Amino acid sequence: EEAVEKVVSWQEHEHEEQWQQQRLSTEMSAAMPYEIMAVDIRSVVFGQNSIANRFRNGLPLSSLVDDLAAHRVDPMIHQELVLDAVYIPEGPNGGVYVSLDNRRLKCMKMCYDEHGHPDQVRLKVFQPPHFARKMLRNTGVEHRHDVKIRRT
């Protein structure tokens, strides 16, 4: 139960950049069709260059990594760990999913690198208009397989 409460707090955003991204995500939810799907964690890239080293509630990223490693939370079960994403079909190797929830994705990737799980994540995948996909592709986001953790 305590782990589930922490999961909810991981959704909170600490900086203006994340607030803007959440607002975009909320607007997309209302305006664009989406699909919930499970994908290989290695096929998801980061939508930002850097992330804060803590969640808004003050918990360090390592708290989620620890909970994932100990199987107290599971991205295939806990609804709060579904990541908003955009799919760019014209990426390398046929296409790429771009996460809008970068701190949680980083935690899941850190756990995967250290413990071999989770190998799949659930995404709420939005299909943006063609011009938006082209804009994203032109930023090089499809090559962003890692993210810098800021010391804040």
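One numbering rule holds for all chains: residues counted from 1, following each sequence as written. The predicted nature of this model means local features are confined to residues of pLDDT at least 70 and side-chain atom pairs, given and counted, to a pLDDT of 80 or more, with totals for whole chains, interfaces and linings taken over all residues. Derived side-chain values reflect all non-hydrogen atoms in the structure, with water molecules and hydrogen atoms excluded from consideration.

1. Quick word on helix 4 (residues 102–115)
Point 1. Numbering of helices and strands runs from the N terminus, with a helix taken as a DSSP run of H or I at least four residues long and a strand as a DSSP run of E at least two residues long. In a helix, the anticipated span is given by 1.5 Å times the number of residues less one. Across its 14 residues, helix 4 extends 19 Å between first and last C-alpha, which sits within 8% of the 20 Å expected from 1.5 Å per residue.
Point 2. Of the positions making up helix 4, those classed as buried are Asn-102, Arg-103, Arg-104, Leu-105, Lys-106, Cys-107, Met-108, Lys-109 and Cys-111.
Point 3. Just downstream of helix 4 lies Gly-116, where phi reads positive at about 80°. Note on exposure labels: buried denotes an accessible area under 20% of the residue type's maximum, exposed denotes more than 50%, and partly exposed covers the range between, all computed with a 1.4 Å probe on protein chains only.

2. Considering the sheet that holds strand 4 (residues 83–88)
By way of backbone hydrogen bonds, the strands of a sheet pair with one another, either parallel or antiparallel.
Point 1. A sheet is described by the order of its strands in space; here five strands give the open sequence 1-6-4-5-2, paired in mixed fashion. If you trace the sheet from one side to the other, it starts and ends with strand 1 (34–40) and strand 2 (44–46), each paired once. Strand-to-strand twist in this sheet, taken as the mean axis angle between neighbours without regard to direction, amounts to 45°.
Point 2. On the sheet, helix 4 packs against strand 2, strand 4, strand 5 (96–99) and strand 6 (120–126) and is oriented at approximately 125° with respect to strand 2. One requirement defines pairing of two strands: DSSP has to find at least two bridges between them. Axis definition: a line fitted to C-alpha atoms, limited for helices to the stretch in contact. Angles are taken between N-to-C directions and run from 0 to 180 degrees. Residue contacts are defined here by distance: any two heavy atoms, one from each residue, within 4.5 Å place the two residues in contact.

3. Remarks on the pairing of strand 5
Point 1. Covered by surrounding structure in strand 5 are Val-96 and Val-98 together with Tyr-97 and Ser-99, the residues of both alternating faces.
Point 2. As paired strands, strand 2 and strand 5 are joined by three bridges and run parallel to one another. From the neighbouring strand, Val-44 faces strand 5, where its bridge partner is Tyr-97.
Point 3. Summarising the sheet, strand 4 and strand 5 pair through four bridges and their orientation is antiparallel. Across the sheet, Tyr-87 pairs through a bridge with Tyr-97, a residue of strand 5.

4. Thoughts on the pattern of salt bridges
Point 1. When a carboxyl oxygen of Asp or Glu is within 4 Å of a side-chain nitrogen of Lys or Arg, the pair counts as a salt bridge. Counted under the stated rule, the structure contains four salt bridges.
Point 2. Between Asp-40 and Arg-42 there is a salt bridge, and its shortest N-O distance comes to 2.6 Å.
Point 3. Under the relative-accessibility criterion, Asp-40 is labelled partly exposed at 26%.
Point 4. By relative accessible area, which is 53% here, Arg-42 ends up exposed.
Point 5. Ionic pairing is found between Asp-101 and Arg-104, a salt bridge with its closest N-O pair at 3.2 Å.

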